[in-house]
Amino acid sequence: MQFTVKLEESEEGGYTAQCLEIPAAVSEGDTKEEALENIKEAIQLVLEVTREQAQVLGEVEKVDISSA
C-alpha cells in the first residue's frame, strides 16, 4: 500500500508528517527520514485501531478500490 505524506518543516526544528489519505495519522521527527519512518508507524496504528473498531460494530467486509 502506498500513501501520500505531507512533510512540513517545524519552526521549532524537525519535521511534521501527515498522511493525506488518513488525516488522523500525524507524526514528527528531527529529520525528514525520521519523520517518514515515524509516519509509517502512525499509519499502521491508525489502520489497526480502525479495524478493531470496525469489528466491534458488526459485520466487516473488505473491498478493493483501483485508481483510474
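Here's a quick rundown of the structure. In this convention, every chain numbers its residues from 1, walking through the sequence in written order. Local features in a predicted model are, by the rule used here, given only for residues with pLDDT of at least 70; side-chain atom pairs are given and counted only at 80 or more, and totals for whole chains, interfaces and linings are based on all residues. Heavy atoms from the whole structure form the basis of all side-chain values; hydrogens and water molecules are not counted.

Details of the sheet that holds strand β2 (residues 15-19)
Strand pairing in a sheet relies on backbone hydrogen bonds, with the paired strands running either antiparallel or parallel. Read from one edge of the open sheet, 3 strands run β1-β2-β3, paired in antiparallel fashion. Both outer strands of the open sheet, β1 (5-9) and β3 (26-29), are each paired with one neighbouring strand and no more. Averaged over all adjacent pairs, the angle separating strand axes in this sheet is 20°, with direction ignored. Two strands pair under a simple rule: DSSP has to find at least two bridges between them. Helix numbering and strand numbering both begin at the N terminus, where a helix is a DSSP run of H or I of at least 4 residues and a strand a DSSP run of E of at least 2. As paired strands, β2 and β3 are joined by 4 bridges and run antiparallel to one another. Bridging from a neighbouring strand, threonine 16 pairs with glutamate 28 of β3. Along the sheet face, helix α1 (residues 32-57) touches β1, β2 and β3 and points at about 150° away from the line of β3. As a rule, the C-alpha atoms of each element are fitted with a line to give its axis, helices using only the stretch in contact, and angles between N-to-C directions run from 0 to 180 degrees. Residues count as neighbours in contact if any of their non-hydrogen atoms are within 4.5 Å of one another.

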